[in-house]
Structures are given as C-alpha cells and as structure tokens.
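# Residue-level structure breakdown
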Amino acid sequence: MAQLNHSTTSGKKRKHAENLKETLYLKIAKIIEEQIQNETLRLGDKLPSIRSAQKLYNVSINTAKQAYLELESRSLIESRPKSGYYVSKTSQRKLALPTVAKISGTEKEKTPQDLIDKVFGTIAKSDFTQFALGIPGKNFLPLAKLNKSLINTIRRRNDGGTNYEPVQGNEHLLREVAKWALVLEGKITEDDLVITSGAMNAIYNALMAVTNPGDSVAVESPVYFGFLQAIQLLGLKAIEIPTHPIFGVDLDALKKVLPNIAACCFVTNFNNPLGFQMPDENKKELVRLITEHNVPLIEDDIYGNLFFGAERPKPCKFYDEAGLVLWSGSVSKTLAPGYRVGWIAPGKFKDKIIRQKLVQTVCNPSLYSDVIADFLEHGRYDHHLRTFRNKLYTNYQQIQRAVETYFPDNTKISQPKGGFMLWLELDKRICTENLYDAAGSQKINFAPGRMFSQYNEYNNCMRLNYAMEWTDRVENDLEKLGKLIKNSI
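Report follows, based on the coordinates. (Residues numbered from 1 in each chain as written. Predicted model: local features only at pLDDT ≥ 70, side-chain atom pairs only at ≥ 80, totals over all residues. Heavy atoms only, no water.)

### Things to note about the nonpolar core
Formed by 133 residues in total, the largest nonpolar core has its most connected members in L254, C264, I372 and L464. Per-element tally for this core: the top contributor is helix α13 (residues 381-406), with 10 residues. In this structure, I28, L41, A67 and I77 belong to the second largest nonpolar core, which totals 18 residues. (Core = buried A, V, L, I, M, F, W, Y, C linked by side-chain atoms within 4.5 Å. Buried < 20%, exposed > 50% of the residue type's maximum accessible area, 1.4 Å probe, protein only. Helix = DSSP H or I, 4+ residues; strand = E, 2+ residues; numbered from the N terminus.)

### Here's the deal with the pattern of salt bridges
Summed over the entire model, instances satisfying the criterion amount to 21 salt bridges. Among the salt bridges present, the one from R450 reaches D114, with a minimum N-O distance of 3.3 Å. Placement of the pair is R450 in the loop between β15 (447-448) and β16 (461-465) and D114 in helix α4 (residues 113-120), with a sequence separation of 336 residues. By relative accessible area, R450 is classed as buried at 1%. Classification of D114 by relative accessible area gives partly exposed; the value is 42%. Counted as one network, the salt bridges with shared partners bring together D114, E433 and R450. (Salt bridge = Lys/Arg side-chain N within 4 Å of Asp/Glu carboxyl O.)

### Considering the environment of A218
By the element assignment, A218 lies in strand β5 (residues 216-221). Each C-alpha atom of the pair A218 and I413 lies 25 Å from the other, and the pair is 195 residues apart in sequence. Once you skip the residues sitting within four places of it in the chain, A218 turns out to touch I239, I241, L254, I261, A263, C264, C265 and F266. (Contact = heavy atoms within 4.5 Å.)

### Let's talk about helix α14 (residues 432-440)
Those residues of α14 not exposed but buried are T432, E433, L435, Y436 and A439. Projected down its long axis, α14 shows its buried positions confined to an angular sector of 155°, all on one face. Packed against the buried residues of α14 are α4, β14 (444-445), β15, β16 and α15 (472-488). (Arc of directions from axis to C-beta.)

### Remarks on the pairing of strand β6 (residues 237-244)
By the bridge criterion, six bridges tie β5 to β6 in an arrangement that is parallel. Bridged to V219 within β6 is E240. A crossover links β5 with its parallel partner β6, the connecting element being helix α8 (residues 225-233), and its sense is right-handed. Two successive antiparallel strands, β6 and strand β7 (residues 248-249), enclose a turn made up of three residues. (Pairing = 2+ DSSP bridges. Right-handed = clockwise from strand over helix to strand, strands pointing away.)

### Things to note about a positive patch on the surface
Together, K145, K148, R380 and R386 line one region of the surface with positive charge. Residue position: R386 is located in helix α13. (Patch = residues over 30% accessible without salt bridge, like charges linked within 9 Å, V, L, I, M, F, W, Y side chains within 5 Å. Areas by Shrake-Rupley, 256 points an atom, 1.4 Å probe, with all protein chains shown as cover. Lys, Arg positive; Asp, Glu negative; His and termini not counted. Charge placed at Lys NZ, Arg CZ, Asp CG, Glu CD.)

### Some details on the packing of helix α7 (residues 199-210) against helix α11 (residues 350-360)
Put simply, α7 and α11 touch, their axes get as near as 10 Å, and they point 115° apart. In this structure, α7 meets α11 at a crossing whose hand is right-handed. Along its contact with α7, which presents N201, Y204, N205, A206, M208 and A209, the element α11 presents K352, I353, Q356, K357 and Q360. Classifying every residue of the contact of α7 with α11 by side-chain character gives five nonpolar, four polar and two charged. (Axes fitted to C-alpha atoms, helices over the stretch in contact; angles between N-to-C directions. Left-handed = near helix turned anticlockwise from the far one by under 90°. Nonpolar A, V, L, I, M, F, W, Y, C, P; charged D, E, K, R; others polar.)

### What to know about the packing of aromatic side chains
Considering all chains together, one arrives at 18 aromatic pairs under this definition. Aromatic pair W180 and Y381: ring centres 5.1 Å apart, planes at 85°, arrangement edge-to-face. Residue W180 is found in helix α6 (residues 171-180), and its partner Y381 is found in helix α13; the two are separated by 201 residues along the sequence. With relative accessibility at 28%, the residue W180 sits in the partly exposed group. For Y381, a relative accessible area of 5% corresponds to the buried category. When the ring centre of F318 is taken as origin, the NZ or CZ atom of K187, which lies over that ring, is 4.2 Å away. For K314, the ring lying beneath its charged end belongs to F318, and the centroid distance is 4.8 Å. (Phe/Tyr/Trp six-rings, centres within 6.5 Å; stacked < 30°, edge-to-face > 60°. Lys NZ or Arg CZ within 6 Å of the ring centre and 35° of its normal.)

### Comments concerning the pairing of strand β10 (residues 325-330)
Burial runs high along β10: six of the six residues are buried. On β10, burial covers both faces: V325, W327 and G329 on one face and L326, S328 and S330 on the other are all buried. Pairing analysis gives four bridges linking strand β9 (residues 297-300) to β10, with the strands arranged parallel. If you follow E299 over to β10, its bridge partner there is W327. As judged from the four bridges shared by β10 and strand β11 (residues 342-345), these two strands associate in the antiparallel manner. Paired with S330 across the strands is G342, a residue of β11.

### What about the sheet that holds strand β12 (residues 412-413)?
Within a sheet, neighbouring strands are paired by backbone hydrogen bonds and run either parallel or antiparallel to one another. The sheet built from four strands is open, its strands ordered β12-β13-β16-β15 with antiparallel pairing. Edge positions in the sheet fall to β12 and β15, since each of these pairs with one other strand and no more. Inspection of the sheet shows β12 paired to strand β13 (residues 421-425) by two bridges, in the antiparallel sense. Considered in β13, the bridge of K412 is made with E425. α13 rests against β12, β13 and β16 of the sheet, and its axis sits at about 15° to β13.

### Re the sheet that holds β9
Spatially, eight strands are ordered β4-β11-β10-β9-β8-β5-β6-β7 in an open sheet, and the strand pairing comes out mixed. In the strand order of this sheet, the two ends are held by β4 (194-196) and β7, each with one partner. Set on the sheet, α11 makes contact with β4 and β11; between it and β4 the angle comes to about 40°.

Any link to function would need more than the numbers given here.
Following this line, the structure appears as structure tokens:
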C-alpha cells in the first residue's frame, strides 16, 4: 500500500510539473502578446533570442522555445533564418476574425452541388484569375525537377510503366513517404501505409472502411465540400460541428454527438477553408475522446507541410495509440496535382482498405508512383517546400493587405497558419452566389461560401486561394472584387 501511495504521489508531482511548465510558456506568450497589442513591441521589432528569453523569465530553454512557437502559431511573431524572431506583419491585422456559425439540425438543407459544378466548370479557363480552386499555380511547382525524375524513371524501367505494382502500393514510394513522415517520429513505417489516387481517394476509402450506409459522420463547419460529396455518395449523414477559426472544431459540441456517430472527418492542420492549426492540446483531447468512444478519426493532413511557423505541426495520428486515426496525405497541393498520388496510414483498418482498393482500382499507375518516389529521394523535396512556404507566406501577407485595402471595413478575415486558403465573411446583405456571377463576367473566380455546408449557410462568405503568382492583374482583380462587394451593399 505504501508503495502504491508513493507511486500515486510521484505521478501527481510529475503531472503538476507538466501543468506548471504548460502554464509558464502560456504566461510568457501572453506577456509578449500584450506587448505587441499595446505596441510596446511594434511591427518588425526583433524579440530577444530564446536563450535571452530563458534568462529573462528564469525558465528552461524548452519553455522559452515553446512560448515563441505558441506566438508563431498565432502569426504574432515570425522566425527569419539565421536572424531570430520578429513581430510579424499579420500581428497588425485590422479586420476581425469570422464568427463561429451556430449549427442546428433544423436548418434548411440546400445541396451545394450546383455551385460546385459551376465552379469546377472553370478549371480549364486560363483567362480567369483563379481564386476559386485549391490548386497551386504552375510557378509554385518544380516542373523541371519533376520532368527530370520522369526521364530517370522511364530510363530505369524496362516495362515503360505498364506493369502492375503491389495493391498496397509501390514499395519504393511507400519507403520514401515513410521517411518523409518525420513529424510522426518513427511511429509509422512503410508497412503501415497504403498508396491511393490522391487524398480524396484516401478519404473516400476511409469512409467506406469505417461506416455503413445510414451512419452519421462528424465534420467541421464550414467543411471542405469534397467531404460532403463523399458522405452523400456513400449514403451517410454529415453532422456539422461548429468550428472556431483559430482553435478548430468545438470539442464540447463534438462530445455531445460522439455516442451517436460512426466516424469523424477533420482537417486539423491548415484546415480547408478556415486555415487554422488545431492546438496540440486540442489534438490530444480529440484523440482521447475518440478513443474513449471507439470512434475512428479520418484525418486529412494534405496541407501539413505548408506551415508558416518554424516547425511542421503534428497530426492527431501522432497521439493515436489505438489505431483509430486514419491519417492521409498526398503531393497534390505541394508537388504534382495531376499525378493523383496520395497515401493513407489506416491503423487497424489497413487490411480493409487494401481489399477495397483491390476491388476498385487493383493498383495505382506505377509510372507516377515511381516518379514521385524518385523525386522524394533525389529532388530535394525539403528545399522545394521551404521555397514554396516562403512564397505562400508572402502571398498571404499580400492578399490580407489587399482585402484590408479594397474590401468593406466590416469584412471578417481568417488567420491561416499555413496552407493557401483564405476565408472571408462579408456583410450579411451580400449573397456571394450572386456575386460569383458578377465577378465571373469580369473573369474573376472564387468559391462561394454556400459550397462549404449542406445547409443554406455561409451565403455571405467566400474562400480565396492565394497559391498563385502575385501579379498586378491579381491585385487589380481583388480591387475589382472589392468594388463589386461595396456596390452590392
């Protein structure tokens, strides 16, 4: 009994120490945040080094670093290579964050399929300024290096890419993807992965594996419309959960529905369309909740490598011990959208995913799998990602400035921590579906808010893609869009 009491006491002390450390870094972050807000620290000011902050606040190096990472995750400060940390431009934002929608089961359903069809009908229109679709511009992609990988692959293969590959996926690609999943710190191996035809194919297969027709699936709201389409096609019901533009899905609201749902389907890192990065403590709590209720979580981590901070954020999969998180990704947003190369680490559902794939496609196109594997191994993917992220962050600052300059003062704007989506909430009198047609007549495209809910919701919202070459035309078209909005009020 004495030994048990000693063990319990030690456990309490350890937990208290952990809580104290968490409280300390958040306190330091709050102090610096207040200094930024009251302009003691101004835009462009350099912060003390982490080692100086450690001495200043009398804490450990790790605590000081955690405080800076917390501030960076909220876009209040930014790190500059070999220079240190500075107050970021986004800390001086003028516009408010979007509101959290109140979702009730009595809202009128209104399928967004008509709008989705209309928006995707412009995918080949090169004369449009394409703010609508979540596709990176060609100037963001390493086309020359990809072509080199393609030539290397064709030379190396003696079948011209015509042979089948294993159902689970190309062994070379599985190995390279596992190596690149550094954020999981060795928790997955190549044997844990299955190659898919892009991330949406992974999501669709995951939904098939963990649900039956008629089941309910929890999704964020606003939600990526592809999830709604997949859920509808499988005869499932989407349960939209209110979602905060900084912290992500409302875990208290999720708790209430967990006993009645078959799965969750979330984008926890740089969500589409809100752009948030769910805090680590929320991810841990989310995994704890789904484990307690034995509810699988389908986690789309397709934007995870496109972070604006110093470190790639961990997915929920990192905290999963029960095999309930089905973690998916692809190169569609970072490297080669048209190659349709993705993957999933399905945990305890791996065998079911492989059997489904055998029935659906037998295998992936072996040539593209080899090209991506060759690029990951020899194409300096890390260098490409660093360049890509820098361009995205610059574009984010430019599009935020343009919206603040040209759009009405009561516009609300998201604060993405990565990825390339910006969510805007306009005056309640604006209908972005009507605005879409007016903008289209001027060769300007965007995604109307109603696409991101199964209900007649977000009618005064829009999503803008900023992963494109920033030109005078892009800025001019944002100015035109702002004028259209002002004229609609």
